[in-house]
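Residue-level structure breakdown
As a plain string of letters, each chain reads:
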Amino acid sequence: MNTRKLLFTGIILLFLACAVTVSAQTRGRSEINFNSGWKFITGDQENAQLTSFNDRSWRQLDLPHDWSIEGTVSQDAPAGGSGGYYPGGVGWYRKHFRISAGEMRMKHRIVFDGIYMNSDVWLNGKHLGKYPFGYNSFWYELDPYLKEGDNLIAVRVDNSQQPNSRWYSGSGIYRNVWLIRTNLLHIPQWGVYVTTPDITEEKAAVAVSVKIRNNSRTGEKASLASFITDENGANAGQTESVFRTEPGTEQLVSQVISVANPSLWSVETPAMYTLVTRILVKGKVVDEVKTPFGIRSIEYDVDRGFLLNGESVKMNGVCLHHDAGCLGAAVPVKVWERRLQVLREMGCNAIRTAHNPAAPEFLDLCDRMGFLVMNEIFDEWTVGKVKYGYNIYFEEWAEKDVISFIHRDRNHPSVVMWSAGNEVREQPREGGHLILKKLQDIFHTEDPTRPVTVGCDNIAADDNPAKIEFLELLDIVGYNYVDRWHERRELFFSIDRHNHPGWKMIGTESVSNGGLRGEYSLGMDAARILPNYNTRMIRAEQLWKFVAMNPYVIGDFMWTGIDYLGESRWPSKHASSGVIDLCGFPKDGYYFYQSQWTSEPMLHIFPHWNWEGREGTVLPVLAYTNCDAVELFVNGKSYGEKRLEFPRQGNSGSWNRYDLPQKNATTADLHLSWDVPYQPGTLEAVGKRNGEIVCRKIIKTAGKPAAIKLIADNRELKAGSNDVAHVRIEVVDSEGNIVPKADNLIQFSIMGSGRLAGLENGNPSDHEPYPSEKRKVYNGLGLAILQAGKTPGKITLTASSEGVSSVLVEISVIK
């Protein structure tokens, strides 16, 4: 019996090995990155869609591309503060490509991951279509106008009607483009849907639904072979179904595959599998699609909140916009990977894509890194917030856009909730719930496995409160700023918990602990100290205490994780509500969340210790920590030990008995504070747990700027890719201490196989154009982003500034 089992297993493995070998040669599908070799010009052009049009003077570039970020901020910009005072306008893109005689027998489609906005696309002068929405992915079939030999794709992008967004949108083909070639019998775009309805420790049932389209003139007897591989490439399960397809039809084939001893996708261990789906005709693979997915269960309980694989998980969430400062909306995946890693180190486990669909590769990262995603599609429905917002297109396009959005993203295990909108003005209106119901029905039909919410800012509002029928309809009631009105500043969700015990509740957007990185003030009056940094955390602290201690609150998404362009007032070009700045550098508030969301000993103190002219002034020194005690020293003199405990212990077993030693907390806040007379020198904090020293933090009074330090996070880039290195820029004194008030203007030069993709400093009032090769540091810090060229070699970045030593950093570019 064992021998027969081994023989059978060997035959199966041999079959799979052969199948994999064959598939690489005959799988019948090509997915071609279509980003290179485009030409571009700003300004409208007459007849630029025609093949005869002369584009020799146009700029050559590779996608993704955002032309707005290349412009200059202007107080008179039509986008206003909403768009960060950046320009919009009209732009054209053109690309030539060749098709062979053999390829003409196949099907072709072009997929745009995102164009902002109002795009028109032509092939060989023939109009393929117009697509208004600037954030969704969409595609066109090319075959009706495709020809052997040279072909021309032309794209007109119109972002001239301003304002059309409440934040910076970018302009252009700012996400990836793909050319997909298949046989006539094939799986259409986003035609595979994977769910995991039944999971035990011993096995998981993976349900597969596959659309199959036959564009040929004949019927075919075919089979659908599906197999699953784990992260090591090992086979985890397979099945095969025989079907017959008729000419010119589309059909659905459903399968169930059993996976033994599944590795579950979770926040801590985001195990991924790959479903390989093949159409075979007479034993030959005619199409193949690979779909990454995770095996996991999700549940939302009215009392226990969110359960992932049966375990309660609190969503420690942040809201994120889609731009990346100096790069605008065209963000390389490595930039998002670095940003998400910084958030992960803060203890964040959940992202809200505020307030529109993110790039597909962003969700791929969330899958691999273990983030939970509230996937949001709209900022407005039928009632607009800006003059040329999406409400103009809602009636015609909303249903199609929602379906495409769901089909594109529903296989991501990271996506655990849909959001149909943010602060939509239908909340308090008669009939507003009917629009919600129409959208929610689409979500439930296209993906019945996830609940739907809306970020509601009118709950309990004095002016135009949300209608109860709107809120009752939601699968999960989303609260934007739950503590905004009256006694809710202290009672939060508890009022509605009492009045509506059947509601499931989540904080979709809440006040954060942001501000400007490194900006501290004691006020203008030397006789009266009015610090700007010792109160902003109170509201966020009190909210988090409530969220953390009430299991029925699913989680909270603070506004925002990272600063973003737009939604600003002159002279600021960006909002500073994030706990991370546009460089990706943590602000003080970052460490508050880290103190609550992580367990590894940490300690952060602020402000800086450079207060020339304020000697003897008593100023507050604050600390965020997950230690239970911190002692503060100034030049070796102790200013006492402060202690905190959250959550505090109650008696256990009997009166006045405790499971753990008492901490004797000196505050009920979630931060510690000392009032200290300033004197130059060394500020040192010592963190303790149970009396043992576990961490230290030292800040020294810095001297004058003496040098520039360049610190690269990646010394090896891949040629011909979108690979980037982040170079941290520090202005330091003669002892290597960062000078906290330094604003040196630094001139950069770059040589070799790469380019300077952007310079950032996080200062919202810095109007130096982003394409410039010079920029001031902001409070001692800045960032340069280097991008690999197309050939191997080296990139040398040199930084120089008046009065300090020049420095360079080298990055290798490999094949």
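Residues numbered from 1 in each chain as written. Predicted model: local features only at pLDDT ≥ 70, side-chain atom pairs only at ≥ 80, totals over all residues. Heavy atoms only, no water.

1. A closer look at the sheet that holds strand S19 (residues 298-301)
Definition in use: Whether two strands pair comes down to DSSP finding at least two bridges between them. To qualify as a helix, a DSSP run of H or I must reach at least 4 residues; to qualify as a strand, a run of E must reach at least 2; elements of each kind are numbered from the N terminus.
Strand order in this open sheet of three strands is S19-S20-S21, and the pairing throughout is antiparallel. Every other strand in the sheet has two partners, leaving S19 and strand S21 (311-312) as the edge strands with one partner each. Where strand S20 (residues 305-308) lies against S21, two bridges are found, and the strand directions are antiparallel. Across the sheet, leucine 307 pairs through a bridge with serine 312, a residue of S21.

2. Remarks on the pairing of strand S41 (residues 724-732)
Filter applied, for reference: Using a 1.4 Å probe on the protein chains alone, a residue whose accessible area is under 20% of its type maximum counts as buried, one over 50% counts as exposed, and one in between counts as partly exposed.
The element S41 is extensively covered by neighbouring structure, given that eight of its nine residues are classed as buried. For strand S39 (residues 707-712) and S41, the ladder comprises six bridges, and the chain directions are antiparallel. The residue bridging isoleucine 708 from the neighbouring strand is valine 731, located in S41. Pairing of S41 with strand S45 (residues 781-788), which is carried by seven bridges, proceeds in the antiparallel orientation. The partner of alanine 725 across the bridge, within S45, is leucine 786.

3. Observations regarding unusual backbone geometry
Negative phi characterises most residues that are not glycine, and trans characterises most peptide bonds. Residue methionine 117 follows tyrosine 116 across a cis peptide bond; omega there is -15 degrees. Looking at the secondary structure, you find methionine 117 in the loop between strand S5 (107-112) and strand S6 (119-123). That bond from phenylalanine 646 to proline 647 is cis: its omega, -5 degrees, falls within 30 degrees of zero. Here proline 647 lies in the loop between strand S35 (637-643) and strand S36 (672-677). Not every positive phi belongs to a glycine, and asparagine 656 is a case in point at roughly 65 degrees. Structurally, asparagine 656 is set in the loop between S35 and S36. For asparagine 656, a relative accessible area of 45% translates into the label partly exposed.

4. Considerations on the pairing of strand S24 (residues 372-376)
Sheet faces and side chains relate simply in a regular strand, where the side chains alternate between the two faces. Among the five residues in S24, five count as buried, and that is most of the element. Side-chain alternation along S24 places Leu372, Met374 and Glu376 on one buried face and Val373 and Asn375 on a second face that is also buried. Pairing of strand S23 (residues 350-353) with S24 involves three bridges; the strand directions are parallel. Its bridge partner lying in S24, arginine 352 is registered against methionine 374. Where S24 and strand S25 (residues 415-422) come together, four bridges link them in parallel fashion. Each bridged residue has a counterpart across the sheet, and for glutamate 376 the counterpart in S25 is serine 419.

5. Remarks on the packing of aromatic side chains
For clarity, the cut-off: When two rings of Phe, Tyr or Trp (its six-membered ring) have centres within 6.5 Å they constitute a pair, described as stacked for plane angles under 30 degrees, edge-to-face for angles over 60, and tilted for the intermediate range.
Scanning the model with the defined rule gives 43 aromatic pairs in all. Seen in terms of ring centroids, phenylalanine 133 and tyrosine 390 are 4.9 Å apart; in terms of plane orientation they differ by 55 degrees. Their pairing is tilted. Here phenylalanine 133, found in the loop between strand S7 (126-131) and strand S8 (138-141), pairs with tyrosine 390, found in the loop between S24 and helix H4 (394-409); they are 257 residues apart in sequence, far enough to count as distant. Judged by its relative accessible area of 5%, phenylalanine 133 is buried. Using a relative accessible area of 9% as the deciding quantity, one classes tyrosine 390 as buried. With centroids separated by 5.0 Å and ring planes inclined at 80 degrees, the aromatic side chains of tryptophan 336 and phenylalanine 362 adopt a geometry described as edge-to-face.

6. Notes on the confidence of the model for the protein chain
Threshold: Every residue carries a pLDDT, the predictor's confidence in it, which falls somewhere between 0 and 100. We call two residues contacting when some pair of their heavy atoms lies within 4.5 Å.
On average, residues of the protein chain carry a pLDDT of 95, and 97% of them reach 70 or more. Contacts for the low-pLDDT stretch residues 1-26, under 50 throughout, to residues beyond four places or in other chains number twelve contacts.

7. A closer look at the pattern of salt bridges
How we decide: By definition, a salt bridge exists where a carboxyl oxygen of Asp or Glu is found within 4 Å of a side-chain nitrogen of Lys or Arg.
Inspection of the entire model under this criterion finds 40 salt bridges. One salt-bridge network, in which partners are shared between bridges, spans Arg166, Asp379, Lys385 and Glu567.

8. Points about helix H5 (residues 432-446)
How we decide: A helix is expected to reach a length of 1.5 Å times the quantity of its residues less one.
Its 15 residues place the ends of H5 22 Å apart at the C-alpha level, agreeing with the 21 Å of an ideal helix rising 1.5 Å per residue. Packing partners of the buried residues in H5 comprise strand S12 (192-199), H4, S25, strand S26 (452-456) and helix H6 (468-473).

9. Details of the environment of phenylalanine 633
Checked against the element boundaries, phenylalanine 633 lands in strand S34 (residues 629-634). Take phenylalanine 633: its relative accessible area is 19%, and that puts it in the buried class. Once the C-alpha coordinates of phenylalanine 633 and alanine 359 are considered, the two residues, 274 residues apart in sequence, prove to be 48 Å apart. Once you skip the residues sitting within four places of it in the chain, phenylalanine 633 turns out to touch Ser638, Thr682, Leu683, Glu684 and Val686.

10. Focus on the nonpolar core
Spelled out, the test is: Side-chain atoms within 4.5 Å link the members of a nonpolar core, which is a set of buried Ala, Val, Leu, Ile, Met, Phe, Trp, Tyr and Cys residues.
If you look at the biggest cluster of nonpolar residues, it comprises 172 residues, and the most contacted ones within it are Met315 and Leu343. In this structure, methionine 315 is in contact with Tyr300, Phe306, Asn349, Ala350, Leu372, Val416, Met417, Ile506, Ile554, Gly555, Asp556 and Phe557, ignoring residues within four places of it in sequence. Grouped together as the second largest cluster of nonpolar side chains are 27 residues, Ala702, Leu710, Val777 and Ala799 included.

11. Looking at the sheet that holds S5
For clarity, the threshold we go by: Fitted lines through C-alpha atoms serve as axes, helices being fitted only where they are in contact, and the angles separating the N-to-C directions of these axes extend from 0 to 180 degrees.
Taken in spatial order, the four strands of this open sheet run S1-S10-S5-S8, and their pairing is antiparallel. Across the chains shown, the open sheet's two edge strands, defined by having one partner strand only, are strand S1 (29-33) and S8. With direction set aside, neighbouring strand axes in the sheet form an average angle of 20 degrees.

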